[in-house]
Every structure is written in structure tokens, then in C-alpha cells.
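Working through the structure, step by step
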Number of protein chains: 2
Amino acid sequence: MSRPVVEFWFEFASTYSYLSVMRIEAAAQAAGVDIEWRPFLLGPVFMALGWNDSPFNIYPPKGRYMWRDLERLAAKQGLPFHHPSRFPRNGLLAARVALLGAHEGWVGPFARAVMSANFAEDREIGEPAVIGAILDGLGLPAAELLARAQSDANKLALRCQTERAAELGLFGAPSFRVGDELFWGNDRLEDALAWARQGGVART
Amino acid sequence: MSRPVVEFWFEFASTYSYLSVMRIEAAAQAAGVDIEWRPFLLGPVFMALGWNDSPFNIYPPKGRYMWRDLERLAAKQGLPFHHPSRFPRNGLLAARVALLGAHEGWVGPFARAVMSANFAEDREIGEPAVIGAILDGLGLPAAELLARAQSDANKLALRCQTERAAELGLFGAPSFRVGDELFWGNDRLEDALAWARQGGVART
């Protein structure tokens, strides 16, 4: 019997994705569940819903709440958090690189380093120099990976994955999928892992 | 030293308020926390955000997800759930009656009965006959309470409470407040109770 699997859909600009990226590997390992990392872009998904910016910027009360909520949750999780001086940052390049990392086995450490850069160190993750420095720090071939990340084939692959997200009914990040079952938000990580463990059988 | 208190802001039309209404008294009692019930109306709050309907109706992917999520969470909580044939129902009359109940000590059983009527029994909670039958079933003087609920003073009190919700930065229901600290969503009930217990001191 194969190990249970959770698809983890995340975006580097997303605040609640930060919380999940930092804890998902440990949580999944403890639960005996494999993770399939699915970086995607929220921008096109939000555009389809009629939002040309983060809903946290469009709706100020939601935004004010989210920043305080994130501060509390990061503290609870023992994570550093620094309100980024720009929000949302452009996660395109990081997502393209992460797509390579998902195939090659280094997406976890890469994603955690990018998220820390954005939400703990207030660095410009949209800039190739920042992503390159992160790859260097992980002992990965930065120049080569940046070139491959921006190849036509890889650009197309990320676009396809983002379109797939919308087709699957995703409307935010992080999201988790187990079979056809969708779980939205960092708060649902444990439920998604539990669903995967029980084989998705116990539908009510 | 006085007992810790959580303000519980809820709306009878709100699906996630159903989950919290059904469990908050037991959870608060177990935590040694008092609850102040604050019924309010989401309609005016949503209008101020530019929504003339529930966001679950305006944004179909969010709505489809919410119904499935609610089904899963109700099962997890051991609650009956029947997708209501109308959504959102008009919670105005129930909120006016609940406002009386909050002052007179019977809001808990009343709120649970109204929520069950809406989300388990698919009944029209906007109708005085339905609310009257619920009050009868609780041994409360239905005719008298319906009349008092619709007095000018009580109508104004609910309007005031709804305006206060927006002023406090609420943008959805259920919401919980502990001092100046806001927690949004059924998922945050435990965090709100814990915050109240620690006296709201441990701000990060």
C-alpha cells in the first residue's frame, strides 16, 4: 500500500502560506504522510474572482485583522515575523524556481528560506539577486537554476499549474488537496493530514 | 479577581456561527471563561465592504468550498447539518429576540434552537411563527417576547450593536473579542478562550 499524500498548494507572497511552509514537512513526517509541493500564483486566481490586488489590501478591515492574526500565530508557532515593507511581494520567480525544486527534492529548504526572506527578513524575494543568494546559501547552482527557472518550458509549467489551481476550485493559499477533497488555509493542515491518513474513505 | 470574559459576536444566518453557537458554552465553561453574547447583523457590515450578498454567494468557489467544509466540520463536531434550501436566511428577528435573551439569561438555549432550525431542520427562521414556536418550546412567553423584540428601543439597540461591530473592525462572523484583541472565525474560539484566561497580557 502506498503512503498517503497531501498536495500542498502555496504562494510565496501569501502570509498564511508562510505559516504552513515552515511547518508542513515536520507535521507530515509525524503523520506519516507524503507532501507534493505545488507552488502557484494567486494573482491570476484573484483576477478571476474580480480582485486586482490582495483582498487584504482591497478590504482594509480584513487586512488589519490578518496582520495581527499572523503576528499572534507566528508567536504561537515560535516563528520570527516582521511585517513586510511591501505586500504582496512578487512571488513569480520564486515559484518558478520552486517548481524545479519540487521535481528535484530541494523545494522544502528553498521554500522555507524564501518565506523567511519575505516575512522575517523583509527582503525583496522578487529580485533574482535575492533568490540567487538563497540558492547559493543552500549549496545549489544558482546561475544554472535561475536560467532553467526562466526557460519557456518552465514558465509554461507554472502557468499550467496556476490554471489547474483555478480549475480545481482553489481560491486562496495555502490549500491542501487529498484526492478530490479540498482544505483551505493554514488552519486546515491537520485536517488534511488526518484525511490523507484515513484514506479519504470516511466521507460523511 | 473577576472571571475572564470573551465577547461572542455572531449572526443567525452565518454558517460558521452555527458551529460556534453550538459549542461555545461548553467550551467556555471548561475553560473557566464567561461569555457575553453579542448578536449582530452581517448585512450592513458586508454592505460597508461593498458586498450586497453573502461573499459565499458572490464568489462561487468560496461558496462551494464553504458548504463542503461545513459538512466536514459539523460531522467532526457531531452536529446534524442539512444544507439550507435558502441562504442566507434573514436573521433580523432572531437577533432582536436574542438581544433580549442576552440580558435575561436564556440566549444560549434560544440561539442553539434557532441555529438548529436553520442549519439542521431547514426552517424559515425569518418568520415570527418559527421564532415563536422556538420560544414556546423553551417555555418562554413567545407573544410577549416577540412584541418586546420589535419595540423601537430594542430595534435601535440591535442597530447600535451592529454599528459597533463595524467600528470594532469586525468583518465577519463568528468573531470573538478579548479586551481589544479580535479573533475571527469558529477556528479561533480556542485561541480566544486561551487569550482570556491569560488575561490578555502576553501580547507579543
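All of these numbers come straight from a predicted model, not from anything done at the bench. (Residues numbered from 1 in each chain as written. Chains lettered and ligands numbered in written order. Predicted model: local features only at pLDDT ≥ 70, side-chain atom pairs only at ≥ 80, totals over all residues. Heavy atoms only, no water.)

1. A word on the packing of aromatic side chains
One pass over the full model with this rule turns up 36 aromatic pairs over all chains. Between A:Tyr65 and B:Trp184, the aromatic rings sit 6.2 Å apart at their centres with planes inclined by 90°, giving edge-to-face as the arrangement. Of this pair, A:Tyr65 sits in helix α4 (residues 60-77) while B:Trp184 sits in strand β4 (residues 181-184), placing the two residues on different chains. Here B:Trp184 falls in the partly exposed class, since its relative accessible area comes to 31%. Taken together through their ring pairs, the aromatic side chains of A:Phe8, A:Phe10, A:Phe12, A:Trp37, A:Trp106, A:Phe110 and A:Phe176 make up a single cluster. The ring of B:Phe183 has A:Arg72 sitting right over it, with the charged end atom 3.8 Å from the ring centre. (Phe/Tyr/Trp six-rings, centres within 6.5 Å; stacked < 30°, edge-to-face > 60°. Helix = DSSP H or I, 4+ residues; strand = E, 2+ residues; numbered from the N terminus. Buried < 20%, exposed > 50% of the residue type's maximum accessible area, 1.4 Å probe, protein only. Lys NZ or Arg CZ within 6 Å of the ring centre and 35° of its normal.)

2. Observations regarding the side chain of A:Ser17
All names here are of chain A. Mapping Ser17 onto the fold places it in helix α1 (residues 15-31). For Ser17, a relative accessible area of 0% translates into the label buried. Among residues more than four places away in sequence, those in contact with Ser17 are Phe10, Glu11, Met115, Ala173 and Pro174. (Contact = heavy atoms within 4.5 Å.)

3. What to know about the nonpolar core
All names here are of chain B. Judged by nonpolar contacts, the single largest core of 87 residues is most densely connected at Phe12, Phe110, Ile131 and Leu135. Ranked by residue count, the leading element in this core is helix α1 (residues 15-31), at 8 residues. In this structure, Ile131 is in contact with Leu93, Ala94, Val97, Phe110, Val114, Ile125 and Leu146, ignoring residues within four places of it in sequence. (Core = buried A, V, L, I, M, F, W, Y, C linked by side-chain atoms within 4.5 Å.)

4. Some remarks on the relation of the copies chain A and chain B
Under the fitted operation, chain A is carried onto chain B by 0.0 Å of movement along the axis and a turn of 180°, and the coordinates agree to an RMSD of 0.0 Å. A rotation of that kind, with that shift, is consistent with a two-fold axis. Using C-alpha coordinates, one finds that chain A approaches the rotation axis most closely at A:Asp187, a distance of 3.6 Å. Mapped onto chain B, 100% of the interface residues of chain A are again interface residues, and the two copies thus contact each other with one and the same surface. (Least-squares fit on C-alpha atoms with pLDDT ≥ 70 in both.)

5. Considering the UniProt feature "active site" (unreviewed entry) in chain A
The UniProt feature table records "active site" (unreviewed entry) at A:Ser14. At 2.7 Å, the side chain of A:Ser14 forms a polar contact with the side chain of A:Ser17. (UniProt positions renumbered as here; feature names shortened; annotations may be inferred. Polar contact = N/O pair within 3.5 Å; in protein donor to acceptor, adjacent residues only side chain to side chain.)

6. Topic: the pattern of salt bridges
Proximity of charged atoms lets side chains of opposite charge pair with each other. One pass over the full model with this rule turns up 42 salt bridges over all chains. Linking A:Arg86 and A:Glu124 is a salt bridge whose minimum nitrogen-to-oxygen distance equals 2.9 Å. In this pair, A:Arg86 sits in the loop between α4 and α5 (92-104) while A:Glu124 sits in the loop between α6 (107-119) and α7 (128-137), placing the two residues 38 residues apart along the sequence. Owing to a relative accessible area of 47%, A:Arg86 belongs among the partly exposed residues under this scheme. On the basis of relative accessible area, A:Glu124 is assigned to the partly exposed category, the value being 22%. Through salt bridges with shared partners, a single network forms among A:Arg68, A:Asp69, A:Glu71, A:Arg72, A:Asp187, B:Glu181 and B:Arg188. (Salt bridge = Lys/Arg side-chain N within 4 Å of Asp/Glu carboxyl O.)

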